[in-house]
Amino acid sequence: MNYRSVLFVLIIATALQGSVANAAPKFRRPFGQSVTVLNFMDHDSSASCKTYDCRTGCATGVGKSYGDHGGTDFDLAVDSALYAGANGVFESRYDGCSNTGTLISTCGGGFGNNVRMKHPDIYSIYGHMKNGTPINVANGTIINCSQEIGRSASSGRSNWPHVHFELRTAPTSATTSIDPYSGTCSQSTSYWVSVTGTAPATTCASPPAETCNGVDDNQNTIIDDLESCWTPVYRFWDTSMASTARSRCYGTSSSPPSLCSGYALEFSGPAFYVYRNSGIPGTVELIAFDKNQDHILTRGDESGDIAALTQAGYTRRGTLGYIWSSTSTAPTGTFFKPSGANTSSVRNLRRFSKNPPGIHLFPNNPAETAPSGWSNEGVRGFVFSSRW
Ligand SMILES: [Zn+2]
């Protein structure tokens, strides 16, 4: 069997092109081997064929196309590693097809064993994988560019080992296929990071690093992921005081704030984490105050407290971050849990107060008791802690 005798028939797609907003990422070659394109995407809506560079004729050999082919077929030996072409998230998979397909197979919708990823404004599909190799993770799991997501074979509607790589603007609509190659008979913008001849580069695009700004900087479809908005809060205490009446300070590094010089770190890790982006519904601002080397946290929406504290000589030190309000549902999901927190559960942040004005917020650890002379005012929100 040689290339010229083989029809690499895959999934049926029309040659209609979808439209893609500028936010769509650029893709790397989804494997490491050298490039032989068996079939390009078909840009002819009739039964005949036309490649991105306007070459016509169907399936006459390497480097052409065949009717309604929605992706690009790269020759690839069985069991070659397949890589995510760009940052994104896992969207779907199919597994269980024989590694040796046929031209009439409908296994996996014709794609055989396959993985589909979601990116900003576009989806990528990797078809004809080896049985048992499509990455098996929860929907929405972050997948980085170049991460291995499966291995190649010839499963599904295929009779030659290769990978079918396809871009779409709608995940299950074959009429929304996008050709990664730009050309006179394709769109003017390439979706490859770079391409030499017909060989896409193996380097990933370089989107900015994710920062806490309400924007999907790293182009993986998730806003402010990778814990970019989480800040650890450390707790310090004055060891010269009786344990039940110790003044406490809070800071965002493991060294005491300057006004708490000499205080000792109370726990080996952060006391809790706060979320810095105010754009998340249900979060409440945390503000640090200090007086006489004592830091107080309170809620920014309680203006009466702020006035009372200011009158009592406390100085506002700015926003530490945000906590989840006790009136909202406790946050769930890995997105909302910093890796330093060793449990998926959250704890109450409980407030204690005393006269003259002073307010402390404590994670409601069972071992935690109200300082002597302080009264418990109830739950003010939820926090993650690394020490539970
Ligand atoms: Zn194909």
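This structure is a prediction, so every number in the text was calculated from the model and none was measured. (Residues numbered from 1 in each chain as written. Predicted model: local features only at pLDDT ≥ 70, side-chain atom pairs only at ≥ 80, totals over all residues.)

**A few points about the overall build of the chain**
Link 1 in the chain: Within the chain one finds 1 helix and 24 strands.
Link 2 in the chain: A separation of at least 24 residues holds for 70% of the contacts in the chain among residues at least 6 apart in sequence. (Helix = DSSP H or I, 4+ residues; strand = E, 2+ residues; numbered from the N terminus. Contact = placed C-beta atoms within 7 Å.)

**Side note on the pairing of strand 7 (residues 122-129)**
Link 1 in the chain: With respect to burial, strand 7 is a largely interior element, 8 of its 8 residues being buried.
Link 2 in the chain: Examined bridge by bridge, strand 6 (residues 113-119) and strand 7 share 6 bridges and lie antiparallel to one another. Directly across from N113, in strand 7, lies its bridge partner M129.
Link 3 in the chain: The turn linking strand 6 back onto strand 7 is made up of 2 residues, and D121 within it adopts a positive phi angle of 70 degrees.
Link 4 in the chain: By the bridge criterion, 5 bridges tie strand 7 to strand 11 (residues 162-168) in an arrangement that is antiparallel. If you follow Y126 over to strand 11, its bridge partner there is F165. (Buried ≥ 20, exposed ≤ 12 C-beta atoms within 10 Å, placed from the backbone. Pairing = 2+ DSSP bridges.)

**A word on the confidence of the model for the chain**
Link 1 in the chain: Scored by pLDDT, the chain has a mean of 81; 76% of the residues are at 70 or more.
Link 2 in the chain: Taken as a whole, residues 1-22 scores under 50 in pLDDT and shows 66 contacts with residues more than four places along the chain or in a different chain. (pLDDT = per-residue confidence, 0-100.)

**Side note on the environment of C185**
Link 1 in the chain: Mapped onto the secondary structure, C185 falls in the loop between strand 12 (177-178) and strand 13 (195-196).
Link 2 in the chain: In the structure, C185 is positioned 143 residues away from D42 in sequence and 9.7 Å away in space, judged by C-alpha atoms.
Link 3 in the chain: Each residue touching C185, except ones within four places of it in the same chain, is listed here: H43, K50, T51, Y52, D53 and C54.

**Quick notes on unusual backbone geometry**
Link 1 in the chain: The backbone of D68 sits at a positive phi, close to 65 degrees, despite the residue not being glycine.
Link 2 in the chain: Note on placement: D68 falls in the loop between strand 1 (37-39) and strand 2 (72-75).
Link 3 in the chain: The backbone of S146 sits at a positive phi, close to 80 degrees, despite the residue not being glycine.
Link 4 in the chain: Tracing the backbone shows S146 in the loop between strand 8 (142-143) and strand 9 (148-151).

**Notes on the environment of T202**
Link 1 in the chain: Counting through the fold element by element, T202 comes out in the loop between strand 14 (199-200) and strand 15 (230-237).
Link 2 in the chain: Judged by the 15 C-beta atoms lying within 10 Å of it, T202 falls in the partly exposed class.
Link 3 in the chain: Distance from T202 to G32, taken between C-alpha atoms, is 6.7 Å for residues 170 residues apart in sequence.
Link 4 in the chain: The contact partners of T202, leaving out residues within four places of it in the chain, are R28, R29 and G32.

**Thoughts on the nonpolar core**
Link 1 in the chain: F74, L82, A84, Y126, I149 and V163 are the most contacted members of the largest nonpolar core, which totals 33 residues.
Link 2 in the chain: Contributions of two or more residues to this core are made by strand 1, strand 3 (81-83), strand 6, strand 7 and strand 11.
Link 3 in the chain: Tallying contributions element by element places strand 7 first for this core, with 5 residues.
Link 4 in the chain: Residue contacts for A84: discarding those within four places in its chain leaves M117, I143, N144, C145, S146, Q147 and I149.
Link 5 in the chain: Core analysis: the next-biggest nonpolar cluster, separate from the first, contains 28 residues, V284, Y314, L349 and F382 among them. (Core = buried A, V, L, I, M, F, W, Y, C linked by C-beta atoms within 7 Å.)

**Concerning the environment of K130**
Link 1 in the chain: Tracing the chain through its elements places K130 in the loop between strand 7 and strand 8.
Link 2 in the chain: In this structure, the C-alpha to C-alpha distance between K130 and D95, residues 35 residues apart in sequence, is 8.5 Å.
Link 3 in the chain: Setting aside residues no more than four positions away along its own chain, K130 makes contact with V78, D79, N99, N113, R151, S152 and A153.

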